[in-house]
Every structure is written in C-alpha cells, then in structure tokens.
Amino acid sequence: MRGEYGGLMVEQMRVIFMGTGEIGVPALTWLLDSPEWEVVAVVSQPDKPVGRKQELRASAIKQLAIERGVPVLQPVKMRAPEAVAEIVAWHAEVIVVMAYGQILPKAVLAAARLACLNLHASLLPRWRGAAPIQAAIEAGDRASGVTVMYMAEGLDTGDILLMRETPITDTDTGGSLHDRLAGVAAAALAEALPLVAAGRAPRIPQDEALSNYAPKLSRENGLIDWKATPAQIDLRIRAMNPWPAAHTFLPTPAAPRQLKIFAGLPQGNVSASPGEVLRADGQGLLVAAQGGAVLLTDIQLEGKRRMNAGEFLRGHPIVPGTILG
C-alpha cells in the first residue's frame, strides 16, 4: 500500500501489532501515524469482565485499533490452527508484540517476512517474564529500559536488536516506571524498524548467565514482611504500586482487615518488635521493621477509599503497640 509523506507517495510496509496491556499504546500509536508502515491488523486478548458488575471491557489496544479503523483479531488461543491461519493470511513484513499475554507458536513467529519483534520492558537478560518492571524496582536496580528483541520459542530468550535505557529514581513506583517505559518503547521501535526494513538490524545473543525470572504477580506478592529492613519494605511498596499494592493486616475486633500501602518513608534507629505501631498521628503511621521503621503516608483499608494516612487515622484511630502483620 502507498501512503503520503511530506507531499510524496511512499511504499508502506505491512505490520501486525499484537498487544493487550496499556504499555503498548504509544508504540501502536507511533505505528498508526507512521507513513512508512501500514498496520494491517491488531491482535489482542479477548475482552475481560471487570468491576463488580463484571462487564466486558476491551483492552486499550483494541479500543485504539477500532478508533483508527484497523481490523482486530481476538483469538482465545493463539495456537489454534484457525488463529495461526488468520495471521499468516495478512502477509505482514513485520509482527510487533508488546504485552500481548499469550505464548506465540512457531508458525506465528515465522509468519512475518522480515522479523517478529517483541518490545520487552527490561534490559534483557536482566528480567525475563511477566513482571519485569516490579522486579527491577524491588531488586533496587538503578536502571530499566526496553529491549527490542527477535522473538524465539523460549520465554524472552531471543536475540537483541537494540536496548534503550531509563534510570529508576528513588521515588519511582511500578506505575510511574510503566508509564515512562511505554514512551521509551515507542521511541525504541521507531529506531528499530528502519534498521529491519533496510536489512541492517543487528542480532546480539543474550547472556544466559545474567538472566533472572520475574513471574506473573498475584495479590500475595504485595504482602509486607515487617522483619525486612525499612529500605526493603520501601522497595516493595513502590514496586507494587498501584497493583497488586503492598499490604499488611490490621487487627480488628471482628477479624484482621487488609490495609493497602501506597507510600512510606524509611526511618532508622528504631528498636521495637517488627510490625509494631510506634506512632499514629497526623504525619502518618509509624511501624517498626528490622533495624528501623517505615512511616506509612498513603493507605487504604479494605472496603474504604484510598487516603492520606493522617486523614485515615482521624476516622480510624490505631493505638500505639498494635501489631500489624
């Protein structure tokens, strides 16, 4: 297909974009706006029920595709022969994948004439798997980034085309780093595709000895161990914000209630039982940890709205000496 660019007609190359998570929206937007590439189809996970009413909701990727008039495919199983056949029938030069959510069979990896590329939110091989952003923050990494890699049958094991890095700050959360990496991914893709089209894209094998696995998160991953150091607890709070959210349990007369924690400040030189509430006032909730304490400033009690800890304590006083856990 031919498209117009700067008043000139250019030959567009056909690309399929596969993604479900919001992190892929800037990359898809760049592709849709690019005069050199024609997005012939978008592949996304089936709509999922959300909220108390369990109403079906389309992914942000699907919504963008529909707005731009791009055909959308939503196979339940990408390995199904009919799903593979649909992908092959588009005769794409390149397939671009980001946060799609299914393992691609070999037949799909081979369907693109030039390359099947994955945009992975980590400096590979540092963090492979489903939750590299949270893993990087919780491990105390000083940098993250996006790797453009050739897809292989293994999990995030393909050769590297290029990487683009961004620092992880002391205030970054899983949410803030996610949003920044979304923009990095679009910029990395804009650098990588011209190299692919020109036949000059490098292939750099990963060093298996440097790989780590970041499995899919569950709610249990947010549980705070008050026997950890304040620094370790701070990393977990920031990594798990906004989901699954770091949490502890507050004892109540009926039963312990989950207390989600979205922000805290590490404090030193405190000697008390791990999980013991040392102070509860307008500044927040000071809780003892291993060799120090953490001042909780942004919390949410189960069944209540998220709020500043000082505001929460005015309506839900907590007695110093209470043990959280």
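Residues numbered from 1 in each chain as written. Predicted model: local features only at pLDDT ≥ 70, side-chain atom pairs only at ≥ 80, totals over all residues. Heavy atoms only, no water.

Participant: What's the story with the sheet that holds strand β8 (residues 94–98) in this structure? I'm lost.
Facilitator: Spatial ordering of the open sheet is given by β7-β4-β3-β8-β9-β11-β12, a layout of seven strands whose pairing is mixed. What marks the edges here is a single partner per strand, and that holds for β7 (72–73) and β12 (160–167). Across seven bridges, strand β11 (residues 143–150) lies against β12 in antiparallel orientation. What sits directly across from Val148, in β12, is Leu162. (Pairing = 2+ DSSP bridges. Helix = DSSP H or I, 4+ residues; strand = E, 2+ residues; numbered from the N terminus.)

Participant: Whenever I open this one, the pairing of strand β18 (residues 292–301) confuses me. Can you help?
Facilitator: The side chains of a regular strand alternate between the sheet's two faces. Counting buried residues in β18 gives eight out of ten residues, a clear majority hidden from the surface. Across nine bridges, strand β15 (residues 257–268) lies against β18 in antiparallel orientation. In the sheet register, Pro266 faces β18, and the bridge partner there is Val294. Across five bridges, strand β17 (residues 284–289) lies against β18 in antiparallel orientation. Each bridged residue has a counterpart across the sheet, and for Ala288 the counterpart in β18 is Ala293. Between β17 and β18, which pair antiparallel in sequence order, lie two residues; one of them, Gly291, sits at a positive phi of approximately 75°. Where β18 hands over to strand β19 (residues 307–308), the hairpin turn is made up of five residues, of which Gly303 adopts a positive phi near 85°. (Buried < 20%, exposed > 50% of the residue type's maximum accessible area, 1.4 Å probe, protein only.)

Participant: Can you walk me through the packing of aromatic side chains in this structure?
Facilitator: The geometry of two aromatic rings is summed up by the distance between their centres and the angle between their planes. Applying the stated criterion across every chain yields a total of zero aromatic pairs. For Arg203, the ring lying beneath its charged end belongs to Tyr150, and the centroid distance is 3.9 Å. Above the plane of the ring of Phe262 lies Arg306, whose end atom (NZ or CZ) is 3.9 Å from the centre. (Phe/Tyr/Trp six-rings, centres within 6.5 Å; stacked < 30°, edge-to-face > 60°. Lys NZ or Arg CZ within 6 Å of the ring centre and 35° of its normal.)

Participant: Which parts of the structure should I look at to understand the side chain of Lys62?
Facilitator: Within the secondary structure, Lys62 sits in helix α2 (residues 60–67). With relative accessibility at 13%, the residue Lys62 sits in the buried group. In contact with Lys62, other than residues within four places in its own chain, are Ser44, Asp47, Val72 and Gln74. (Contact = heavy atoms within 4.5 Å.)

Participant: Is there a simple way to think about the nonpolar core in this case?
Facilitator: Buried together is how nonpolar side chains tend to be arranged in soluble globular proteins. Core analysis: the largest hydrophobic core is formed by 45 residues, its most contacted members being Phe17, Leu31, Leu117 and Leu119. Residues within four places of Leu119 in sequence aside, it is in contact with Ala27, Val96, Val97, Met98, Val146, Thr147, Val148, Ala185 and Leu189. Listed in part, the 23 residues of the second largest apolar core include Leu250, Ala309, Phe312 and Leu324. (Core = buried A, V, L, I, M, F, W, Y, C linked by side-chain atoms within 4.5 Å.)

Participant: Would you mind showing me how to read the pattern of salt bridges here?
Facilitator: Applying the stated criterion across every chain yields a total of 14 salt bridges. A salt bridge links Glu93 to Arg113, with the shortest nitrogen-to-oxygen separation between them at 3.6 Å. You can see Glu93 sitting in the loop between α3 (81–89) and β8 and its partner Arg113 sitting in the loop between α4 (106–109) and β9 (115–120), a full 20 residues away along the chain. Residue classification places Glu93 among the buried residues on the basis of a relative accessible area of 15%. Among the ionic pairs, Arg164 bridges to Glu191, the shortest N-O distance being 2.6 Å. Of the two residues, Arg164 sits in strand β12 while Glu191 sits in helix α6 (residues 174–197), which places them 27 residues apart along the sequence. A relative accessible area of 31% means that Arg164 is categorised as partly exposed. Look at Glu191 and you get partly exposed, because its relative accessible area is 35%. (Salt bridge = Lys/Arg side-chain N within 4 Å of Asp/Glu carboxyl O.)

Note that all results are geometric; they support no functional claim without further evidence.
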